[in-house]
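Each chain, written out:
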Amino acid sequence: MRHALSVPLQDFTIAELAELARTAEAMGYTDAWSGEVDGPDIFTPLAAIALGSNLRVGTAIVNVFNRAPQPIAASAVSLSELAPGRFMWGNDYPHDEGSGPYTKATLRAVFHDVPEAELRDVLGGNAAKFYGFDLDVLAPLAEQYGPTVEELATPLSELPDKPNAALLRATA
């Protein structure tokens, strides 16, 4: 059985989360999840936990409405570096006010220069490890529905005729 912290916590400062994570880990906790409703941003509490423990960390739902795609991706990559093999991305997707119908193009603009191994981990490998998924079994579905790591690693060379605001922010 897995036990997880849900952060941020009302009675703890971000600075106190590293110690809390070490204590929780000693008690058998395995994961920490962060949501973004009020209070601190979604990434900072997880960074404190990643640096203070070996807990797996993940974003529950990243708020895509109040920040551009590039800073979100940069935060995800940074957290992946702080918690190699222990970070899982979670996002509420898709929304008309988000990157659709140009989601793949937006992801290409944001992630094309992330090293392949790290991109594989952030986009699915860490989730597979978290939940014990067999990536060989899932590979045909990933190919069918994508986007694939290979697609996202390809830089965006031109914009569509009428790019939306999310794509324009990602390429600015």
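See above for the structure.
Since the structure is predicted, the reported quantities are computational estimates derived from the model, not experimental observations.

Enquirer: What should I look at first to understand the pattern of salt bridges in this one?
Expert: Pairing between side chains becomes possible if they bear opposite charge and their charged atoms approach one another. Applying the stated criterion across every chain yields a total of six salt bridges. The shortest N-O distance in the salt bridge between Lys104 and Glu151 comes to 3.0 Å. Placement of Lys104 in helix H4 (residues 103-111) and of Glu151 in helix H7 (residues 149-152) is noted, with a sequence separation of 47 residues between them. Using a relative accessible area of 27% as the deciding quantity, one classes Glu151 as partly exposed.

Enquirer: Can you walk me through helix H2 (residues 43-52) in this structure?
Expert: An α-helical turn contains 3.6 residues, so a residue and the one three or four places further along point in the same direction. With eight of its 10 residues buried, H2 lies for the most part within the structure. Those residues of H2 not exposed but buried are Phe43, Pro45, Leu46, Ala47, Ala48, Ile49, Ala50 and Gly52. At its buried positions, H2 is contacted by strand E1 (4-7), helix H1 (14-26), strand E2 (31-34), strand E3 (56-59) and helix H3 (69-82).

Enquirer: Hey, could you run me through the pairing of E2 in this one?
Expert: Along any regular strand, the residues point their side chains to alternate faces of the sheet. Direction of pairing for E1 relative to E2: parallel, over a ladder of four bridges. When the sheet's bridge partners are listed, Leu5 is paired in E2 with Ala32. With H1 bridging E1 and the parallel E2, this β-α-β connection has right-handed handedness. Both E2 and E3 contribute to a ladder of four bridges, which runs parallel. Directly across from Ala32, in E3, lies its bridge partner Val57.

The rules behind each value
- Within each chain, residue numbers correspond to sequence positions counted from 1 in written order.
- Under the rules for a predicted model, residues below a pLDDT of 70 receive no local features and side-chain atom pairs below 80 are neither given nor counted, while totals for whole chains, interfaces and linings still include all residues.
- Hydrogens and water are ignored here; the side-chain numbers use all heavy atoms of the structure.
- Each reported salt bridge corresponds to a side-chain nitrogen of Lys or Arg within 4 Å of a carboxyl oxygen of Asp or Glu.
- Labels follow the DSSP assignment, with helices taken as runs of H or I lasting at least four residues and strands as runs of E lasting at least two, numbered in each case from the N terminus.
- Summary of the burial criterion: residues with accessible area below 20% of their type's maximum are buried, those above 50% are exposed, and those between are partly exposed, where the area comes from a 1.4 Å probe applied to protein chains only.
- Contacts are residue-level and defined by heavy atoms, with any inter-residue pair within 4.5 Å sufficient.
- Any two strands with at least two DSSP-identified bridges between them are counted as paired.
- By convention, a crossover is right-handed whenever its connection, traced from the first strand over the helix to the second and viewed with the strands pointing away, goes clockwise.

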